[in-house]
Amino acid sequence: MVTELKDGTFDEFIDNNKLVLIDCWAPWCRPCRMLAPIIEEVEKDLKEKVAVGKLNTDENQGIAMRFGINAIPTMLIFKEGVMYGPLVGLMPKEEIIKYLMSV
Amino acid sequence: MPDIMIIGTGPAGLQAAIHAARAKAATVMIGKLRNSAMYGTKVENYFGIKGEADGTGMLSAGLAQAMSSGAEHTDENVISMEYDGGSFKATTENGNTVTAKAVILAPGISRMKLNIPGEKELFGKGVSYCAACDCNFYKGKRIAVIGDESEAAASAELMTSYASKVFWVTKDAKASDMMIRKAKDAGAVMIDGKVSGITGKDRVTGLTFSDAPAIELDGVFIELGARSSSDLAMDIGIMPNTDGTIKVNERCETSVKGVYACGDVTGRPWQIAKAVGQGATAGINAAAYVKGEKNVR
């Protein structure tokens, strides 16, 4: 299951998981809506390896500002607390998985 | 109420209209001929052509042919669509609405990128292709919207509610007068210039022109063409593929009953021959659908 994150639960999620993918999105964003089912598939495929979360940037602007997000969807990736990427824009599942496996 | 509305007047949409109208379905085509990828080109690889054929001339002849078959034409871009469970409604850039029992989507694939220096490198660092997605990140900032059609006009107007300064860069604004006026009235400043590059190292800092002075900016929104086929499809409940194409079956039916798609929007090959083939299939099957007949392949 994709975990819904907020400004207040974001850091804890990264600290508690070795490899993390966080989908930063907003409800009015069409590409974000197209990416949502792909993120769910990534979570199902990599359940044992990657913790997957999503963060509504409209309601959680602190994280968006902290990471300088100015285009959505943006996927933030963390391995043992270190940030990789980010991946910006809509992309196929295979590309997301390939990137995750390469960090 | 028309039986069928066709979004797009390229080879797929026109061929669909010819078949639907000849099957006695009341048909309305919505779109501008110049938005077709065939407009202004020379055609060499289509059946029955000796040497080169004029793409614009073929489109004009196709439109006349569809209209002589009984189809009507609205020479505007569609900016939004709705589905209420019974009928489909399209709203055009002049605020006109068309309601029909079935829809054939033939909008083509929109060109999204300008391919200018700095564009690829600064994507996500101040370069955006979706004002509606990213407007919130540019509160109080200086931005430019680049594009000539309705999507650029709508984005420029939208951004005036967020940014402190909005430039609309257009060499030849082709959006409707109403949309241009709304963007200007909202405070967007029009720049008549040819963009040559986006500047900045880690963040967008400005825009350069080949025929006008450079401007300093925090963000650049590239909004080419009319509203994208993906957006229109999602308005009526179809989830496009990540590349913007729409999945259809052998009858050109989409995942939503009563909605058909044909031409470039269904994916490669981007060829006139494939577009007219699918257009014929979509037109025949949509006409059979609105008449309650069993679908014909």
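Keep in mind that this is a model prediction, so the values were computed, not measured.

Calculation notes
- Counting restarts for each chain: residues are numbered from 1 in the order of the written sequence.
- Chains and ligands are labelled sequentially in the order written, the chains with letters from A and the ligands with numbers from 1.
- The predicted origin of the model limits local features to residues at a pLDDT of at least 70 and limits the giving and counting of side-chain atom pairs to 80 or more, whereas totals for whole chains, interfaces and linings rest on all residues.
- Note that the side-chain values use all heavy atoms of the structure and ignore hydrogens as well as water.
- The pairing test for Phe, Tyr and Trp rings, Trp by its six-membered ring, is centres within 6.5 Å, and the orientation test on the planes gives stacked under 30 degrees, edge-to-face over 60, and tilted for anything in between.
- The cut-offs for exposure are 20% and 50% of the maximum accessible area for each residue type, with area from a 1.4 Å probe on protein chains only; residues under the lower value are buried, those over the upper are exposed, and the others partly exposed.
- By the criterion adopted, a ring carries a charge over it if an Arg CZ or a Lys NZ lies within 6 Å of its centre and within 35 degrees of its normal.
- Pairing between strands requires that DSSP locate at least two bridges from one strand to the other.
- Think of it this way: any DSSP run of H or I at least four residues long counts as a helix, any run of E at least two long counts as a strand, and we number them from the N terminus.
- For this analysis, a salt bridge means a side-chain nitrogen from Lys or Arg found within 4 Å of a carboxyl oxygen belonging to Asp or Glu.

Draft legend 1. Geometry of the packing of aromatic side chains. On inspection of all chains with the given rule, the structure shows seven aromatic pairs over all chains. Consider the rings of B:Phe123 and B:Tyr129, whose centres lie 5.5 Å apart with planes at 55°: the pair is tilted. Under the relative-accessibility criterion, B:Tyr129 is labelled buried at 15%. An aromatic cluster of at least three residues, connected via ring pairs, comprises A:Phe10, A:Phe67 and A:Phe78. Lying over the aromatic face of B:Tyr129, B:Lys113 brings its terminal NZ or CZ to 5.2 Å of the ring centre.

Draft legend 2. Spatial organisation of the pairing of strand β15 (residues 206–209) of chain B. All names here are of chain B. Note that strand β14 (residues 195–199) and β15 share four bridges and pair antiparallel. Considered in β15, the bridge of Ile198 is made with Leu207. Where β14 folds back on β15, the antiparallel hairpin that results is connected by six residues, among which Gly200 adopts a positive phi of roughly 135°. Two strands pair when backbone bridges link them, and β15 and strand β16 (residues 215–216) are joined in this way by two bridges, in the antiparallel orientation. Note that in β16 the partner of Gly206 across the bridge is Glu216.

Draft legend 3. The arrangement of the sheet that holds strand β10 (residues 127–128) of chain B in detail. If you walk across this open sheet you meet the five strands as β10-β17-β11-β12-β13 (chain B), and the pairing is parallel. Two strands lie at the open edges of the sheet, namely β10 and β13 (189–191) of chain B, each paired on one side alone.

Draft legend 4. The pattern of salt bridges, seen in detail. What the rule picks out here adds up to 15 salt bridges over all chains. A:Lys93 serves as the salt-bridge partner of A:Asp45, at 2.8 Å between the closest nitrogen and oxygen. Of this pair, A:Asp45 sits in helix α2 (residues 30–45) while A:Lys93 sits in helix α4 (residues 93–102), and the two are 48 residues apart along the sequence. Note that B:Asp148 and B:Lys174 form a salt bridge whose closest N and O atoms lie 4.0 Å from each other. A residue pair is termed long-range when its members are at least 10 positions apart, and B:Asp148 in the loop between β11 (142–146) and α4 (150–159) and B:Lys174 in the loop between β12 (165–169) and α5 (177–186) qualify at 26 residues. Residue B:Asp148 is classed as partly exposed on the basis of its relative accessible area of 24%.

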